[in-house]
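The lines below spell out each chain.
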Amino acid sequence: MKALIVGAAGFVGGYLIEELSAHCGWEVAATKLPGERVSCDNCEAFDVDILDEEALSGVMARAKPGIVYHLAAQSSVALSWEKPALTVEVNIKGSVNLLEAARNRGGGARIVLIGSGEEYGNVREEDCPIKETLEANPQNVYAVTKSAQNQLGRLYAASYGMDVVMARSFNHIGVGQPARFVAADLCKQVAEIAAGKREGAINVGNIDVRRDFTDVRDVVRAYRLLGEKGKSGETYNVGSGKAVAIREIVETLIKISGREIEIKVDEKRLRPVDAPVIYADTRKIRRETGWEAGTPLERTLREIYEWFLRKARSED
Ligand code: A2R
């Protein structure tokens, strides 16, 4: 199998390259923006901006993939409020460009579009675990664009008979994730306190909300299996299927650090609307691909914490 990973220089890209090539022996080609780096020893790398449809078509024709994973996105919810037009352009127009390039030059390749649990919006407690059939109700610009991408994927599958599979991923975490995401932020703060780089209080927002966290290595395994066994035109939740309070993450990290650390609520981190609980119903992906998230949350948190700890200590 030959895969083309579009947007391979981000957090998930490196893990997906590893899963497909090192673990499964697939041939991998990758795209990145000029100036970015992909961690890929044996793969062909192309510089391409997904807003350039012609360039994207050229890459598709040269790489001749059997499967295309679309990871390129403006992936920050916060930035999507600050730069809505850019987010719409990259996430919606970029996805259309990719679908068009695949339609015209893709030779029937399967396309896997990566969406988000954010598409469901602030769900009610009784809607959890969230099934794929729950109507999307996006509550931020990023979520609107991912929901549009999902609808475009279904449209291209239905209208042109293209082979398009869609994932809706809930919170995924791992080493290398930027600290704008909650688990990385908490790991970084606790590690910096443990390394003596900052005073002993950790700043948090609403830590009573419960969310669905999955190790990124489990997530990319789900993407491989969706590529192999997912059904065209269908959407699949990717998540642990469990709700974990942010408070539990904070307490686990404090325990791992072995320090006495005060928890301080920072008003600036509180969001106006926060659904109390969000977690995925993962029966569809399990039934159709056999996938299940397996990595214990504490192990992933420990690895991220230790990575930030080494980083903080090496900055001496
Ligand atoms: O924004 P940058 O400079 O970090 O570059 C990101 C890249 N990207 C683009 N690639 C091609 N053409 C563009 N116009 C363009 N704009 C941004 O896509 C970055 O290298 C990559 C996405 O990686 P991350 O932001 O780290 O996202 P992550 O966590 O790897 O998530 C992958 C997918 C995304 O579709 C998320 O929305 C979804 O999974 O959760």
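Quantities reported herein were computed from a predicted structural model and do not represent experimental measurements.

Details of the environment of Phe170
Part 1 of the argument: Within the secondary structure, Phe170 is located in the loop between β6 (164–169) and β7 (172–173).
Part 2 of the argument: Its relative accessible area of 5% is what places Phe170 among the buried residues.
Part 3 of the argument: Taking C-alpha positions, Phe170 is 7.4 Å from Glu118, a pair spaced 52 residues apart along the chain.
Part 4 of the argument: For Phe170, the residues in contact, after removing those within four places along its chain, are Gly117, Tyr120, Ile130, Asp212, Asn237, Val238, Gly239, Ile278, Tyr279 and Ala280.

A short note on the pattern of salt bridges
Part 1 of the argument: Tallied over the full model, the rule gives 24 salt bridges.
Part 2 of the argument: Put simply, Glu125 and Arg210 hold a salt bridge, and the shortest N to O gap is 3.9 Å. Note that Glu125 is positioned in the loop between β5 (110–116) and α5 (141–160) and Arg210 in strand β9 (residues 210–211), a separation of 85 residues in sequence.
Part 3 of the argument: For Arg210, a relative accessible area of 33% corresponds to the partly exposed category.
Part 4 of the argument: Arg224 is paired through a salt bridge with Glu228; the nearest N and O atoms lie 3.3 Å apart. Highlighted residues: Arg224 and Glu228, both in helix α7 (residues 216–229), separated by 4 residues, approximately one helical turn.

Some thoughts on the packing of aromatic side chains
Part 1 of the argument: Enumeration over the complete set of coordinates arrives at 4 aromatic pairs.
Part 2 of the argument: On the basis of an interplanar angle of 25 degrees and a centroid distance of 6.0 Å, the ring pair of Tyr120 and Phe170 is categorised as stacked. Of this pair, Tyr120 sits in the loop between β5 and α5 while Phe170 is found in the loop between β6 and β7, placing the two residues 50 residues apart along the sequence. For the pair Tyr120 and Phe170, a shared accessibility class is recorded, and that class is buried.

Regarding the nonpolar core
Among soluble globular proteins, nonpolar side chains are generally buried collectively.
Part 1 of the argument: Ile5, Leu16, Leu20, Tyr69, Tyr223 and Val238 are the most contacted members of the largest nonpolar core, which has 32 residues in total.
Part 2 of the argument: Contributions of two or more residues to this core are made by β1 (2–6), α1 (11–23), β2 (27–32), β4 (67–70), β5, β6, α7 and β11 (235–238).
Part 3 of the argument: Sort the elements by how many residues they give to this core and α7 lands first, with 7 residues.
Part 4 of the argument: In contact with Leu16, not counting residues within four places along its chain, are Ile5, Tyr69, Leu71, Val220 and Tyr223.

A word on the state of the cysteines
Part 1 of the argument: Applying the stated rule across the entire model yields 1 disulfide.
Part 2 of the argument: Here Cys40 connects covalently by a disulfide to Cys43, the sulfurs 1.3 Å from one another.
Part 3 of the argument: Take Cys40: its relative accessible area is 16%, and that puts it in the buried class.
Part 4 of the argument: On the accessibility criterion, Cys43 (15% relative accessible area) is buried.

A word on the site of the ligand
Part 1 of the argument: Around the ligand there are 19 residues in total, and Val12, Asp49, Ser75, Tyr142 and Lys146 lie nearest to it.
Part 2 of the argument: A distance of 3.0 Å is found between an oxygen atom of the ligand and a backbone nitrogen or oxygen belonging to Phe11.
Part 3 of the argument: Leu71 has a polar backbone atom sitting 3.2 Å from an oxygen atom of the ligand.
Part 4 of the argument: Those elements giving two or more residues to the shell around the ligand turn out to be α1 and α5.
Part 5 of the argument: Tallied by class, residues from the shell around the ligand come to 12 nonpolar, 4 polar and 3 charged.

Comments concerning α7
Three- or four-residue spacings in an α-helix give side chains the same orientation, since the helix completes a turn every 3.6 residues.
Part 1 of the argument: The end-to-end C-alpha distance of α7, which contains 14 residues, comes to 20 Å, matching closely the 20 Å that a straight helix rising 1.5 Å per residue would cover.
Part 2 of the argument: For α7, the complete set of buried residues consists of Val216, Asp218, Val219, Val220, Ala222, Tyr223, Arg224, Leu225, Leu226 and Gly227.

Here we look at the domain arrangement of the protein chain
Part 1 of the argument: Here the protein chain is described as being made up of domain 1 (2–172 + 213–238) and domain 2 (175–211 + 242–276 + 295–314).
Part 2 of the argument: Each partner contributes to the interface: domain 1 provides 13 residues, whereas domain 2 provides 21 residues.
Part 3 of the argument: The interface formed by domain 1 and domain 2 contains 2 salt bridges.
Part 4 of the argument: The partner of Arg217 in a salt bridge is Glu303, with the nearest N and O atoms 2.7 Å apart.
Part 5 of the argument: The interface formed by domain 1 and domain 2 includes 6 residue pairs in polar contact (both at pLDDT 80 or more).
Part 6 of the argument: Looking at the side of domain 1 that touches domain 2, the elements with two or more residues in it are α1 and α7.
Part 7 of the argument: Residues of the side of domain 1 that touches domain 2, tallied by class, amount to 4 nonpolar, 5 polar and 4 charged.

So, how was this worked out
- Residues numbered from 1 in each chain as written.
- Predicted model: local features only at pLDDT ≥ 70, side-chain atom pairs only at ≥ 80, totals over all residues.
- Heavy atoms only, no water.
- Helix = DSSP H or I, 4+ residues; strand = E, 2+ residues; numbered from the N terminus.
- Buried < 20%, exposed > 50% of the residue type's maximum accessible area, 1.4 Å probe, protein only.
- Contact = heavy atoms within 4.5 Å.
- Salt bridge = Lys/Arg side-chain N within 4 Å of Asp/Glu carboxyl O.
- Phe/Tyr/Trp six-rings, centres within 6.5 Å; stacked < 30°, edge-to-face > 60°.
- Core = buried A, V, L, I, M, F, W, Y, C linked by side-chain atoms within 4.5 Å.
- Disulfide = S-S within 2.5 Å.
- Near = heavy atom within 4 Å.
- Polar contact = N/O pair within 3.5 Å; in protein donor to acceptor, adjacent residues only side chain to side chain.
- Nonpolar A, V, L, I, M, F, W, Y, C, P; charged D, E, K, R; others polar.
- Expected span 1.5 Å × (residues − 1).
- Domains from an automatic or database assignment.

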